[in-house]
Amino acid sequence: MRTLIRDCNIASPGFEVKHGSILFKDNIIYSVLTPGESLPDADLTINAGGLTAIPGLIDIHCHGRNNCDFTDGVVEGVNTIGKNKLKEGVTMMLPTTLTQSEEALTAAFDSVAHYDGMGVKMPGIHLEGPFVNPSEVGAQNPAFVRMPDIKMVERLNAIFPIHKVSFAPELPGGDTFVTDLLAMGIVPSAAHSAAKYTEFHRCYAKGLRNLTHYCNQMTPLHHREIGLVGAGLLHTNVFAEMICDMMHSSPNMIQLAFKVKGVDHMILITDAMRAAGMPDGEYDLGGLPVLVAGGAARLKENAALAGSVLRMNVALKNIVEITGLPLSEAVRAGALNAAHSLGYRNIGRIETGFTADVALIDDNFIVHNTFVDGELRYSLD
Ligand SMILES: [Zn+2]
């Protein structure tokens, strides 16, 4: 099956062209054509009419959408989230669980294992908690917090592959946990943590290279104790995964992080909860009531931010506006860096040989089409 997207502006890391064309052969990008080159035959030709083609976005931190949450443990909910994430130009995501009982997590893993695969790709799960610091629990339910437990990770991983575990590195056995996760091919990430810099560094020495929702629910930067926020700025090889909705961090903090670290180690995430794609109102997050209004989701009890209703295409728009980066650079934070952080080498660029995951967006970053593995899976009505 050969699919041709003609007359698109292409914005891929290190590469920009106006009025180019892209040819897919099955699930692979077969060739990228510049204007003037003769167009090849194809089984399906789509005229992009000057829309911009970007690599399919990757959301490695998303709890839900359209009133469904992965931790509900309901297969239909997984299917709904998978299909609706396409509207954000997302082609791959890591379903992300909440701090919950092992029984609830088992049900969640089981539901993802039965995903119909009709929407975005879900190659692995992001286990957020339950190994978090009770003092930095944020909107995670404190009732289910526990110490790092590799046996539990192994049990869940046997149901569906885990790609990433977010945990507090200062908890007892944190550094050994990093080693054990890496041995299983799982990416460890620091989150919901009160770690001092030295505690971070003990895990960094073992290979920890990710900071989950950078700046949120982690030790801030103080000039005599730089904490995890300072660690992220100091170690430019550490990936900072940021919720760029302008509420979880201020625009100037986002600007600072991009400036100090460079775009190569910034990763856009949504941390979206079930209210994403839904009207304002009252929702549930892991058993805690949440009020959604004005683009923010907050715990009813104490008004703490409780995940987001952010969409990946909006996150990308926000960072282009904040940083002034050209789109071809900004898309690194939306796709390529996440792919690299997970060890994928053939995803995140519109280049020959790469996986045919592409989104077509307009100048307002509204997604018109999303292609997953070369297949047109979403078109704007
Ligand atoms: Zn979190």
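Before going into details, it helps to say that this report is about the structure given with it. (Residues numbered from 1 in each chain as written. Predicted model: local features only at pLDDT ≥ 70, side-chain atom pairs only at ≥ 80, totals over all residues. Heavy atoms only, no water.)

To continue, consider the sheet that holds strand β18 (residues 296-299). Strand order across the open sheet formed by 3 strands is β16-β17-β18, with antiparallel pairing between neighbours. Looking at strand neighbours, the two that pair on one side only are β16 (281-285) and β18, the edges of this open sheet. Neighbour-to-neighbour, the strand axes of this sheet turn through a mean angle of 35°, independent of strand direction. As paired elements, strand β17 (residues 288-293) and β18 share 4 bridges and run antiparallel to each other. From the neighbouring strand, L291 faces β18, where its bridge partner is R298. (Pairing = 2+ DSSP bridges. Helix = DSSP H or I, 4+ residues; strand = E, 2+ residues; numbered from the N terminus. Axes fitted to C-alpha atoms, helices over the stretch in contact; angles between N-to-C directions.)

Next up on the list: the pairing of strand β1 (residues 2-12). Burial of β1 is extensive: 8 of the 11 residues sit out of reach of the surface. With 8 bridges joining them, β1 and strand β2 (residues 15-25) adopt antiparallel strand pairing. Across the sheet, residue A11 finds its bridge partner in β2, namely E16. The antiparallel hairpin formed by β1 and β2 contains 2 residues in its connecting segment, where G14 sits at a positive phi of about 75°. Sheet topology note: the β1/strand β4 (residues 44-47) ladder contains 4 bridges and is parallel. Looking at the pairing, L4 lines up with T45 of β4. (Buried < 20%, exposed > 50% of the residue type's maximum accessible area, 1.4 Å probe, protein only.)

All right, on to the packing of helix α7 (residues 251-261) against helix α8 (residues 312-323) then. Contact geometry for α7 and α8: axes closest at 10 Å, N-to-C directions at 80°. Relative to α8, α7 is oriented roughly perpendicular. For the pair α7 and α8, contact is made by P251, I254, Q255 and F258 and by I319, I322 and T323, respectively. Class assignment of the residues belonging to the contact of α7 with α8 gives a composition of 5 nonpolar, 2 polar and no charged. (Parallel < 35°, antiparallel > 145°, perpendicular 65-115°, else oblique. Contact = heavy atoms within 4.5 Å. Nonpolar A, V, L, I, M, F, W, Y, C, P; charged D, E, K, R; others polar.)

With that settled, the discussion passes to the side chain of E170. By the element assignment, E170 lies in the loop between β11 (162-167) and α4 (174-183). Among buried charged residues, E170 stands out as having no salt bridge; its nearest opposite-charge side chain is R202, 9.0 Å away. For E170, the side chain forms a polar contact with the main-chain nitrogen of A194, separated by 2.6 Å. Setting aside residues no more than four positions away along its own chain, E170 makes contact with N133, S193, A194, A195 and E199. (Lys, Arg positive; Asp, Glu negative; His and termini not counted. Salt bridge = Lys/Arg side-chain N within 4 Å of Asp/Glu carboxyl O. Polar contact = N/O pair within 3.5 Å; in protein donor to acceptor, adjacent residues only side chain to side chain.)

Moving on: the pattern of salt bridges. By the definition in use, this model includes 17 salt bridges. Notably, a salt bridge pairs K121 with D373, separated by 2.9 Å at the nearest N-O pair. Of the two residues, K121 sits in the loop between α2 (102-113) and β10 (125-128) while D373 sits in the loop between β20 (367-372) and β21 (375-379), which places them 252 residues apart along the sequence. What makes K121 buried here is its relative accessible area of 19%. A relative accessible area of 26% places D373 in the partly exposed class. When the shortest N-O distance is used, the salt bridge between E375 and R377 registers 3.4 Å. With a relative accessible area of 24%, R377 lands in the partly exposed category. Salt bridges here are not isolated pairs; linked through shared partners, they connect D59, R65, K85 and E88.

By themselves, these observations are geometric and do not establish any function.
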